[in-house]
Structure formats: structure tokens, C-alpha cells
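# Residue-level structure breakdown
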Amino acid sequence: MRTNEAIGLVLARPARLLGTEPFFMEFIAGIEETLSERGHSLLLHIVQHQDEEIATHRRWAERSLVAAVVLVNVTTSDRRPAVLRELGMPAVIAGGLRDEPGIPAVSTDAAGAMREALERLLVLGHRRIARVTGPAGLLHTRVRSDTMRAECAAAGIEPQLVEGDYSPQAGERLTAALLSGPRRPTAILYDNDVMAIAGLGAARAAGVAVPAELSLVAWDDSAMCRLTSPPFTTMTVDVHLFGTLVADSVLELIEGRPVGERWSPAARFTPRGTTAPVPGDQSVNS
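Calculation rules
Residues numbered from 1 in each chain as written. Predicted model: local features only at pLDDT ≥ 70, side-chain atom pairs only at ≥ 80, totals over all residues. Heavy atoms only, no water. Pairing = 2+ DSSP bridges. Helix = DSSP H or I, 4+ residues; strand = E, 2+ residues; numbered from the N terminus. Axes fitted to C-alpha atoms, helices over the stretch in contact; angles between N-to-C directions. Contact = heavy atoms within 4.5 Å. Expected span 1.5 Å × (residues − 1). Buried < 20%, exposed > 50% of the residue type's maximum accessible area, 1.4 Å probe, protein only. Arc of directions from axis to C-beta. Core = buried A, V, L, I, M, F, W, Y, C linked by side-chain atoms within 4.5 Å. Parallel < 35°, antiparallel > 145°, perpendicular 65-115°, else oblique. Left-handed = near helix turned anticlockwise from the far one by under 90°. Nonpolar A, V, L, I, M, F, W, Y, C, P; charged D, E, K, R; others polar. Phe/Tyr/Trp six-rings, centres within 6.5 Å; stacked < 30°, edge-to-face > 60°. Salt bridge = Lys/Arg side-chain N within 4 Å of Asp/Glu carboxyl O.

## What to know about the sheet that holds strand β12 (residues 268-270)
- On the basis of which strands lie adjacent, the open sheet formed by six strands has the order β7-β6-β8-β9-β10-β12 and mixed pairing. At either margin of the open sheet sits one strand with a lone partner, and together these are β7 (160-163) and β12. Pairwise comparison of adjacent strand axes, ignoring direction, gives a mean angle of 20° for this sheet.
- Looking at chain direction, strand β10 (residues 233-236) and β12 are connected through three bridges and run antiparallel. Bridge assignment links threonine 234 to a residue of β12, and that residue is threonine 270.
- Packed onto the sheet, helix α8 (residues 193-205) meets β6 (129-133), β8 (187-190) and β9 (215-220) and runs at close to 155° relative to β9.

## Quick look at helix α7 (residues 168-180)
- Across its 13 residues, α7 extends 18 Å between first and last C-alpha, which sits within 8% of the 18 Å expected from 1.5 Å per residue.
- Where α7 is concerned, the buried positions are Ala170, Gly171, Leu174, Thr175, Leu178 and Leu179. Buried residues along α7 cover an arc of 145° about the axis, so they all sit on one side. The outward face of α7, more than 90 degrees from its buried face, is lined by the exposed residues Arg173 and Ser180.
- Against the buried residues of α7 lie β6, β7, β8 and α8.

## Observations concerning the nonpolar core
- Within the largest apolar cluster, 42 residues are counted, with the highest numbers of intra-cluster contacts made by Ile7, Phe27 and Val246.
- Ranked by the residues each element gives to this core, the list is headed by helix α10 (residues 239-254), at eight residues.
- Each residue touching phenylalanine 27, except ones within four places of it in the same chain, is listed here: Val72, Ala94, Val239, Phe242, Gly243 and Val246.
- If you look at the next biggest cluster of nonpolar residues, it comprises 21 residues, including Val132, Ile188, Leu216 and Phe232.

## Describing the packing of α7 against α8
- Between α7 and α8, whose axes approach to 7 Å, the crossing angle comes to 45°. Here α7 is positioned oblique relative to α8, judged by the angle of their axes. Once α7 is placed against α8, the crossing between them reads as right-handed. Across from Pro168, Ala170, Gly171, Glu172, Thr175, Ala176 and Leu179 in α7, the residues of α8 making contact are Val194, Met195, Ala198, Gly199, Ala202 and Ala203.
- Residues of the contact of α7 with α8, tallied by class, amount to nine nonpolar, three polar and one charged.

## Let's talk about the packing of aromatic side chains
- Inspection of the entire model under this criterion finds four aromatic pairs.
- Summarising the aromatic geometry, the rings of phenylalanine 23 and phenylalanine 24 are spaced 5.2 Å apart at their centres and angled 85° between planes, so their arrangement reads as edge-to-face. An identical accessibility class is assigned to phenylalanine 23 and phenylalanine 24; each is buried.
- Taken together, a centroid distance of 6.1 Å and an interplanar angle of 15° make the contact between phenylalanine 23 and phenylalanine 27 stacked. With phenylalanine 23 and phenylalanine 27 both in helix α2 (residues 22-37), this residue pair falls four residues apart, about one helical turn.
- The class of phenylalanine 27 is buried, set by a relative accessible area of 1%.
- Put simply, the rings of Phe23, Phe24, Phe27 and Phe242 pair up and form one aromatic cluster.

## Observations regarding the packing of α2 against α10
- Axis separation between α2 and α10 bottoms out at 7 Å; the angle between their running directions is 40°. What the angle tells us is that α2 and α10 run oblique. As for the relative orientation of α2 and α10, their crossing is right-handed in sense. Packed against α2, whose contacting residues are Phe23, Glu26, Phe27, Ala29, Gly30, Ile31, Glu33, Thr34 and Leu35, the element α10 presents Val239, His240, Phe242, Gly243, Thr244, Val246, Ala247, Asp248 and Leu251 at the interface.
- For the contact of α2 with α10, the residue count by class is ten nonpolar, five polar and three charged.

## A look at helix α4 (residues 80-87)
- For α4, the complete set of buried residues consists of Arg80, Pro81, Val83 and Leu84. Buried residues in α4, looked at end-on, bunch into an arc of 160°, giving them a common side.
- Close packing links the buried residues of α4 with α3 (50-63), β3 (66-71) and β4 (91-96).
- One or two residues past the end of α4 sits glycine 88, with phi positive at roughly 70°.

## So, the pattern of salt bridges
- As enumerated under the stated definition, the model contains 16 salt bridges in all.
- A salt bridge links glutamate 53 to arginine 80; its shortest N-O distance comes to 2.8 Å. Pair noted here: glutamate 53 is in helix α3 and arginine 80 is in helix α4, with a separation of 27 residues, a long-range link.
- Residue arginine 80 is classed as buried on the basis of its relative accessible area of 2%.
- Here arginine 226 ties to aspartate 221 by a salt bridge, and the two come within 3.0 Å at their closest N and O atoms.

Below you can see the structure in the form of C-alpha cells.
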């Protein structure tokens, strides 16, 4: 095998989001750093929909353009693994949450991270907890949502879940709707940092003080979260390391070695300035 063979990564998402969402930039940097050390490169292609991603994989296979591909953002009814098996295209799933025959994964504990986030908010006395999710069709979104509902039910409370698309527009709009509703939350979780930072702006526009009246928790912890005022409490993930672990699995795969079992770095709760104990007059479930 030539050492300059490329590894393919197709991102099915609006290109405008890549300019504002730090997650994939860090993730790609981790992959490229590891691949380049072994003489490989990353072929990145951005499309709008999964159908276009599948068409790209077929084209790459027909032309032998890549040695393997990385799959991201597994969906609840994902057709890509079956297509890749049909094509005989080696692949690694980043953030695998279920077994796919013949396709190794760097797995993610989405449920455990959600449980930790909720536990921390419950300890602070929050009983009206909302979440601005990522797209509902993503498998990790469903796992987080199912876990949140189950954990809140065990605590005797009912969460509010609203679906976003990871964009700042969604974070602003959905936060404003939550804060103007009949059951205003005392804490909001966001599935990425971009929506969370926009949500902070929406809270300010609504005259809701953070964290005195409202606690906010972001996901991933990019540098932006540490530069806001107040700095953001986050579920911190080492996204760069995640990328290097995925690249390690890809290298083992294309070199014909057994692919080791790997897990993405666990998300951990990092308290900063956007969380506080719930105000005394709002600590009951209502």
C-alpha cells in the first residue's frame, strides 16, 4: 500500500456551520495530525444530505480515491454502513453507539455524559430543566434524549426538549421561546457550544440573569466557552484526542492489523460562571 493514500471524510451538513462550529475543526485537526505522521492525508468533502454522502462514497470506491473512510454522525436509520459493506470500502465509525458488523468504531458513552450533566444540575437544586438538542435523527441525540427523560423521570421531574440544528440561530430562537413560555426553566443544557453561546445572548435580551436566575451548560468546551462573560460551564470533551483515536483505528485497519477497542474521551462536567444553585423561590417542581 502506498503511504500517500488518502482517508476520506464526508460531512453531510450545511457548509455555513463549519465556519462557526469548532467541534469538527478540532476533530479534523486530530485526524490529520496523526495521519500525516504516517504519510497519509485526509480527503474532506462537504455535502448537504446523506444521499449525497453515499453518492460520494460510491464515486470514491469506483475511482479508488481513498484507502478507507471515516463515518460521523450516525443516524437512527443509517444506510451508510450497509452501502460501505456492499462496496467493500474499509471504514471506521467515529462515535459509534451500536455494533455494525465488519466496521470498527471509536465508541462514545453519550448516556453516561448526560447522566453526569443532569446529576450536577439536580445537586444545584434545579427542577425545571430544558435542553436544546441537536438534530433528532442523530443516534447520539436520541441516546442523550432517552437518557435525559429516564433520569428526570427517576427524579420526579419532566424535562423540556426542543430540537435545534447546532446553529447560533437555533440557539437564540429556541432559548427565547423557552424563556417566554409558561414554565420557564431554571437550567438549560445545549448539545453544542455554538447554540449555548447564542442562548446566553437570548437570555440577556430577555432580561434573565445568568447564573442568578438561569443556569446554562454547553457541550464540547471550545475556546469560545472560556471567552464569554461569564465563562461557560460545559461538558468538556477532548475533541482533538477523539480525532487522533479515530485516526489510530483507521491506520490499523488499512495496514491489516487488528483494530483495537477504543472509546472517545469521556465528557466531564466543568463548572464555570454560567451555573449556580437554583434561586430559592424556584426550587420546586412547577
